[in-house]
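One-letter residues, chain by chain:
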Amino acid sequence: MTDQAAGIPRRESSLLRFVRGAALIRESWVGMIGFAIVLFWVLVAVFAPLLAPFPPNQTGLPLSPPGAAGMTGGVYWLGTDQLGRDTLSRIIYGSRQVLLYAPLATLCAYLVGIPMGLAAGYRRGLTDDILSFISNVILSFPVLVLYIIIIATIGASGTNIVIAVTFASAPGIMRIVRGLVLDLRNREYVFAAETRGESPWRIMLVEILPNARGPLIVDACLRLGYVVITIGTLGFLGLGLPPPDPDWGGMVSELRQFAIVDPLLAVFPCIAISSLVLGFNLLADGLREVSLRD
Amino acid sequence: MLIFMVRRFGTMILTMLVVSILVFLLLEINVEGVAIKVLGPYTSVEQRNLWLERNGYFDPAILRYLRWLGNFVIGDFGNSVRFKVPVSDVLWPRLANTGILGAVALFFASLIGLTLGVIAGMREGGGHDRGVSVSAILTTSVPEFASATFLASFFVFYLQWLPGTSGMIDGFDPVQLVLPVMVLVIYDWGYIARMTRASMAEVMTTHYIRTAVLKGLPYGQVIRRHALRNALIAPFTVIMLQINWLLSGVIVVEVAFAYKGFGALLYEASLNQDIYLIEACAMVAVFVAVMTQTLADIGYTYLNPRIRFS
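The written sequence of each chain sets the order in which its residues are numbered from 1. Each chain gets a letter, beginning with A, and each ligand a number, beginning with 1, in the order they are written. With pLDDT at 70 or above as the cut-off, local features in this predicted model cover only qualifying residues; side-chain atom pairs require 80 or more to be listed or tallied, and sums for whole chains, interfaces and linings still use all residues.

**Student:** Describe in detail the overall build of chain A, supporting the description with residues and values.
**Tutor:** Only DSSP runs of H or I covering at least 4 residues are called helices, and only runs of E covering at least 2 are called strands; the numbering of each starts at the N terminus. For chain A, the count of helices and strands is 13 helices and 2 strands. Dimensions of chain A along its principal axes, counting C-alpha atoms only, are 75 × 50 × 30 Å. Per-residue burial for chain A yields a buried fraction of 47% across its 294 residues. Summarising the internal contacts of chain A: among those between residues at least 6 apart in sequence, 70% fall at separations of at least 24. Burial is judged by counting other C-beta atoms within 10 Å of a residue's own C-beta: 20 or more means buried, 12 or fewer means exposed, and anything between counts as partly exposed, with every C-beta placed from the backbone. Residues are treated as contacting if the C-beta atoms built from their backbones sit within 7 Å of each other.

What follows is the structure, given as structure tokens:
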């Protein structure tokens with residue numbers, strides 16, 4: 001209250017400012033659709049036990065067509081797989097896996113990539129040369145090739161997927177952060193902080209990083225979508241999360257083998273994963289549109 | 001220019017060296033796995049050790065690496081433990097198959113991407129622009145394995161027009177190439193279209209376009225003679241870099257349709273810890289990546305005289 005009495009407007013808390021900034025997404029209908037799709041899947045993942053008609057690993061009538069009645073009551077709305085497990089329930093539970101590992105892997109990639117980019121862009125010189133060479137080496141490799149070699153060697157598990165995604169994505173993040181820092185490091189507030197004698201890492205993290213957040217948030221959304229594709233693709237190639245827990249990509253590769261019985265069975269998990277990726281991409285597009293407006 | 005190319009070549013050699021060492025070290029984690037893959041899971045430790053010893057796997061890693069490197073430089077890529085033949089015997093035919101698949105896919109992706117990108121960028125924010133942008137986001141959101149499943153269930157099982165696998169068992173058959181190409185094009189055209197659109201939209205705001213319109217040239221002539229030439233410089237780079245992306249995409253497509261190409265080969269080699277085959281594939285991948293990037297840079301300077309390398 002004393003602040004207002006002195007005529008100085010109170011500084012909003014950073015959380016409030018973030019929420020207010022994020023609410024700008026309302027101005028882009030594309031972004032809103034993306035947000036709705038992502039929110040839908042988050043809710044599905046959170047309330048999976050309430051929504052799923054069957055336990056995800058319970059076996060019943062194998063390869064039932066969509067809409068068939070189950071043995072002990074209940075309807076297989078989207079059919080069952082070769083072990084008689086309900087596809088709808090497995091898609092619902094599978095969303096938990098994807099929405100756990102995709103954000104986790106993206107977060108880890110950012111935790112590695114951001115300090116590398118900050119250091120390369122702010123210190124320049126030898127640090128920049130070394131870090132840029134490392135990232136160029138990793139980026140010169142087709143990503144999926146990298147994932148397959150890593151996962152095939154260290155084994156398929158959730159942790160290893162996170163490690164592989166971090167290893168393969170951090171260089172790209174580093175490049176983006178480096179570019180942003182090269183631009184921001186010549187701003188006056190950075191010179192002011194340097195004159196005050198602040199430590200380099202404090203300048204990088206407190207002065208520079210918050211001002212680079214806009215493009216990074218857009219990039220994070222795109223990257224989330226791409227990591228979802230990656231996790232799905234690894235599952236499809238048999239390098240995803242170990243069975244029996246449902247994994248969308250793995251479900252597709254299993255159900256595809258029975259396309260001769262009913263080609264529709266494999267289509268449903270494909271729709272699930274495509275819609276989630278679409279949600280992230282639309283959200284990223286909306287955020288970019290909103291951030292470019294002012 | 002010469003200095004630039006020499007430097008690029010040096011970087012490529014250095015990158016290949018580092019990548020080959022990394023791949024070698026990664027596979028070093030589980031050497032016994034190689035023996036298990038070759039001899040089967042029901043072999044005794046003695047049998048595995050015997051096999052490993054006879055094939056030189058007990059020598060120090062650095063010695064084995066240098067031996068491989070020495071042979072690789074003179075063109076001997078070693079033997080594949082999976083296919084039990086020299087690596088080059090399987091590598092080159094597979095690479096040629098992928099070359100055909102990739103070239104056809106890239107051609108159609110570029111054709112569709114450039115055309116729709118130009119149409120979208122002609123009037124930014126217009127109806128065509130929204131339509132192309134949204135459909136580009138839509139198609140790039142579908143993972144390759146998902147579009148492969150969608151297309152297969154429609155064209156193979158519902159309409160029964162196309163074969164579901166592309167093994168090319170009875171010789172080369174263009175019909176079997178249709179589905180793999182479609183999957184790659186669906187995933188790739190969107191990037192090219194978005195880049196072309198952005199580039200075209202930028203050109204359309206320039207003064208020389210305004211001048212051309214104001215002096216009364218027909219709209220089609222303004223687009224063809226003045227806008228296109230400048231708008232197509234940036235997409236050229238994107239298309240070149242797309243080749244690197246295709247290399248990832250072909251793995252899924254080739255596995256999904258059982259096409260005997262480079263991607264499926266690398267996949268099989270990785271699953272079987274076929275180290276010399278993986279190394280050879282990795283070197284090809286790096287070579288393709290660096291070469292396309294270099295060609296993109298050279299082409300860019302050629303097309304856009306304002307940029308010169310120092």
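**Student:** How would you sum up the overall build of chain B? Please name residues and give values.
**Tutor:** When its secondary structure is counted, chain B shows 13 helices and 0 strands. When its helices and strands are written in sequence order, chain B yields α-α-α-α-α-α-α-α-α-α-α-α-α. Seen through its principal axes, chain B has C-alpha atoms that stretch 85 × 60 × 30 Å. The proportion of buried residues among the 310 residues of chain B is 39%. Considering only contacts in chain B between residues 6 or more positions apart, those separated by 24 or more positions represent 73%.

**Student:** Can you explain helix α7 (residues 144-158) of chain B? Please cite residues and give values.
**Tutor:** Residues and elements named next belong to chain B. Given a rise of 1.5 Å per residue, 15 residues ought to cover 21 Å, and the 20 Å separating the end C-alpha atoms of α7 matches this to within 8%. Note that bend, as reported per residue, equals the angle between axes fitted to the 7 residues terminating at that residue and the 7 residues originating from it. Its axis deflected by about 30° at Ala152, α7 carries its strongest bend there. For α7, the full list of buried residues reads Glu144, Phe145, Ala146, Ser147, Ala148, Thr149, Ala152 and Ser153. Residue count minus one, scaled by 1.5 Å, sets the expected span of a helix.

**Student:** Now, about the interface of chain A and chain B: what can you tell me, with residues and values included?
**Tutor:** Many authors give the size of an interface as the accessible area that is lost as the parts come together. Counting from both sides, the interface comprises 36 residues of chain A and, opposite them, 36 residues of chain B. For the side of chain A that touches chain B, the secondary-structure elements that each account for two or more residues are α6 (125-139), α7 (143-154), α11 (213-236), α12 (248-256) and α13 (267-293) of chain A. Along the lines of polarity and charge, the residues of the side of chain A that touches chain B split into 25 nonpolar, 9 polar and 2 charged. Asp, Glu, Lys and Arg are counted as charged, while Ala, Val, Leu, Ile, Met, Phe, Trp, Tyr, Cys and Pro are counted as nonpolar; the rest, among them Gly, fall into the polar class.

**Student:** So what's going on with the environment of Lys37(B)? Residues and values would help.
**Tutor:** Residues and elements named next belong to chain B. Within the fold, Lys37 resides in helix α2 (residues 32-39). We classify Lys37 as partly exposed; it has 15 C-beta atoms within 10 Å. Residues Lys37 and Asn272, spaced 235 residues apart in sequence, show a C-alpha to C-alpha distance of 6.1 Å. If we ignore the near neighbours within four places in the chain, the residues touching Lys37 are Asn272 and Gln273.

**Student:** How would you explain unusual backbone geometry if you had to name every residue and give the values?
**Tutor:** Residues other than glycine seldom take positive phi values, yet Arg124(A) does so here, at roughly 50°. Tracing the sequence through the fold places Arg124(A) in the loop between α5 (87-123) and α6. Classification of Arg124(A) as partly exposed rests on a count of 14 C-beta atoms within 10 Å. Residue Ala258(B) is not a glycine yet carries a positive backbone phi of 55°.

**Student:** Got a sec to walk through the packing of α5(A) against α6(A)? Specific residues and values, please.
**Tutor:** Axis angle and axis distance: for two packed helices, these are the angle between their axes and the distance between the axes, and together they describe the pair. All names here are of chain A. Under this scheme, a helix contributes an axis fitted over its contacting stretch, all axes are lines through C-alpha atoms, and angles between N-to-C directions fall in the 0 to 180 degree range. Look at α5 against α6: their axes get within 7 Å of each other, and the N-to-C directions meet at 140°. Here α6 runs oblique to α5, going by the angle between their axes. Remark: the crossing between α5 and α6 carries left-handed chirality. Taken together, the residues of α6 that come into contact with α5 (itself represented by Met116, Ala119, Ala120 and Arg123) are Gly125, Thr127, Asp128, Leu131 and Ser132. Across the contact of α5 with α6, the residue classes tally to 4 nonpolar, 3 polar and 2 charged. Any angle that falls under 35 degrees is termed roughly parallel, while one over 145 is termed roughly antiparallel, one within 65 to 115 roughly perpendicular, and all others oblique. Left-handed describes a crossing in which the near helix is turned anticlockwise from the far one by less than a right angle; the clockwise case is right-handed.

**Student:** I'd like to hear about the environment of Arg185(A), residue by residue, with values.
**Tutor:** Along the chain, the position of Arg185(A) falls in the loop between α8 (158-184) and α9 (188-196). Not counting residues within four places of it along the chain, the set of residues in contact with Arg185(A) comprises Gly121(A), Tyr122(A), Val190(A) and Ile208(A).

**Student:** Give a description of the confidence of the model for chain A that names residues and reports values.
**Tutor:** Residues and elements named next belong to chain A. Residue-level confidence of the predictor is what pLDDT reports, using numbers from 0 through 100. Taken over all residues, the pLDDT of chain A has a mean of 83, while the share at 70 or more is 94%. Mean pLDDT per element in chain A: helix α1 (residues 2-5) is the minimum at 47, and α5 is the maximum at 91. Counting contacts from residues 1-5, a segment whose pLDDT is below 50, to residues more than four positions away or on other chains yields 3 contacts.

**Student:** An account of the confidence of the model for chain B is requested, with residue identities and associated values reported.
**Tutor:** This prediction gives chain B a mean pLDDT of 83; 97% of its residues lie at or above 70. Scoring of the predicted complex yields 0.86 for pTM and 0.83 for ipTM.

**Student:** Which residues make up the packing of α7(B) against helix α8 (residues 174-204) of chain B, and what values go with them?
**Tutor:** Residues and elements named next belong to chain B. Running from amino to carboxyl end, α7 crosses α8 at an angle of 135°, the nearest separation of the two axes being 9 Å. Between α7 and α8, the interaxial angle falls into the category oblique. Considering only the axes of α7 and α8, their crossing is right-handed. Across the interface between the two elements, Glu144, Ser147, Ala148, Leu151, Ala152 and Phe155 of α7 pack against Leu179, Met182, Val183, Ile186 and Tyr187 of α8.

**Student:** Can you break down the nonpolar core residue by residue, with the values?
**Tutor:** The nonpolar core is taken to be a set of buried Ala, Val, Leu, Ile, Met, Phe, Trp, Tyr and Cys residues joined by way of C-beta atoms within 7 Å. Of all hydrophobic cores here, the largest spans 159 residues; its most connected members are Tyr147(A), Ile148(A), Val228(A) and Cys281(B). Among the elements that line this core, the one with the most residues is α5(A), at 16 residues.

**Student:** So what about the environment of Tyr208(B)? Which residues, and what values?
**Tutor:** Tracing the chain through its elements places Tyr208(B) in helix α9 (residues 207-214). Spatially, the C-alpha atom of Tyr208(B) lies 9.0 Å from that of Ala227(B), the residues being 19 residues apart in sequence.

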